[in-house]
Amino acid sequence: MSEPHAGSAPRLPVVGWLGGWPISIVSLALGLAALFVFRRGLPHVAWIVGYLLLLWLLFLLITELRAPLLERGQRLVLSAADYTIQTLYHNLLLFVLPAYYAAATLDSANVIFPIAVAAGALVTTIDPWYRRLVHPRPWLNHLLLGFSIFAALNVALPLVGVQPIVALEGSAVLAALALAPAFRREGRSGWVRAHALGVAAALVGLVLVWTARILVPPAPLFLARAVVARSVVDMEPVEPAVGGELPAATVLEWGELAAYTAVYAPAGVRQAIGHVWWRDRDRVADVALPTPVMGGRRRGFRTYSRYTDLKAPVASRYRVDVVTASGQLIGRLRFTVTP
């Protein structure tokens, strides 16, 4: 029997028997079905934590034992471990993808992040792609590990009551520290060096995530409902716009507009939010809403803001961005005032 090439990953017997592609296609179909059915669902935090711990422990174990196992010719053991890690990547990213899909605003920059999560889930689903793209490149494997841990923790931590911005920064730090075993070298000082590099990576991650926070949807928060209306009474919109359009004469008669939004958040989450009003490309008002979103309400936490600086001509395209106190976009309300 010939030995595998140095840069290739031997497949498990069952994977070889199925040819790689059949099992990948079935896995992809099941993943798409789960995404469609649970597109607004939230994964159970226990599942996320369990997968994270198993993934990291297996990564730590294989990082330490890869060289000895290769020396003993135990390629099948390594192949089984690598395939298990690939499966954990896939399941973990698939668990959190619906939360990011629900939280993303499709016409904003934060749609980039769920696309990245989906790409990671897809690559780890298609076995031949993973063996060709990720497995031969340790740096890419480590990047995928850090990204998976970050994406999962950023959803899991708010589910246990951590404020979303703290969860975002904390996830970046923990994901970087989890990569410490990848920095280890042989010798007495190996772990000291690894932990020092892990801390340095955590500091870099902290700065990068804060700088690029607008690219990450504030999952698991999402905009459950948004409508523009004449006013809001008893937390219900009065004379809401139909089809997102309002005649200019009606708006001038009202003298004000009210943006009514309902933000869903899981129980235990408390998040200050604001409304940013735009007219065409001009930012015309910033409203810090006095009551923070309180999680656990099925219809979402209802709130609103008013815009009263209405002078003819008012016909234009308007939007109201619903943002967290740290600037992450929760959702967007668009409407048009017609001539």
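Residues numbered from 1 in each chain as written. Predicted model: local features only at pLDDT ≥ 70, side-chain atom pairs only at ≥ 80, totals over all residues. Heavy atoms only, no water.

A. Region of interest: the packing of aromatic side chains. One pass over the structure, following the stated rule, counts seven aromatic pairs. When the ring of Trp277 is compared with that of Phe335, the centres are 6.3 Å apart and the planes differ by 80 degrees; the resulting orientation is edge-to-face. Taken together, the residues Trp277 in strand E7 (residues 273–279) and Phe335 in strand E12 (residues 329–338) connect sequence positions 58 residues apart. In this pair, the class of Trp277 matches that of Phe335, namely buried. Chaining the aromatic ring pairs together yields one cluster made of Tyr100, Phe113, Phe147 and Phe150. The lysine or arginine in question, Arg213, covers the ring of Trp210, its NZ or CZ lying 3.9 Å from the ring centre. (Phe/Tyr/Trp six-rings, centres within 6.5 Å; stacked < 30°, edge-to-face > 60°. Helix = DSSP H or I, 4+ residues; strand = E, 2+ residues; numbered from the N terminus. Buried < 20%, exposed > 50% of the residue type's maximum accessible area, 1.4 Å probe, protein only. Lys NZ or Arg CZ within 6 Å of the ring centre and 35° of its normal.)

B. Representation of unusual backbone geometry within the structure. Residues Ala219 and Pro220 are joined by a peptide bond in cis, for which omega reads 10 degrees. Checked against the element boundaries, Pro220 lands in the loop between helix H9 (190–211) and strand E1 (222–229). In the segment running from Ala312 into Pro313, the intervening peptide bond is cis, with an omega of 0 degrees. Tracing the backbone shows Pro313 in the loop between strand E10 (301–307) and strand E11 (316–324). With phi around 60 degrees, Met235 is a residue other than glycine that occupies positive phi space. Among the structural elements, Met235 can be located in the loop between strand E2 (231–233) and strand E3 (236–238). For Met235, a relative accessible area of 32% gives the class partly exposed. Positive phi is not limited to glycine here, since Asp280 has a value of about 55 degrees.

C. The pattern of salt bridges, seen in detail. What the rule picks out here adds up to ten salt bridges. Here Asp286 ties to Arg283 by a salt bridge, and the two come within 2.6 Å at their closest N and O atoms. The exposure classification of Asp286 matches that of Arg283, with both residues exposed. Taking the shortest distance from any N to any O, the salt bridge between Asp321 and Arg319 comes out at 3.2 Å. Grouping residues by exposure puts Asp321 and Arg319 together as buried. A single network of salt bridges, built from pairs that share partners, joins Asp107, Arg319, Asp321, Arg332 and Arg334. (Salt bridge = Lys/Arg side-chain N within 4 Å of Asp/Glu carboxyl O.)

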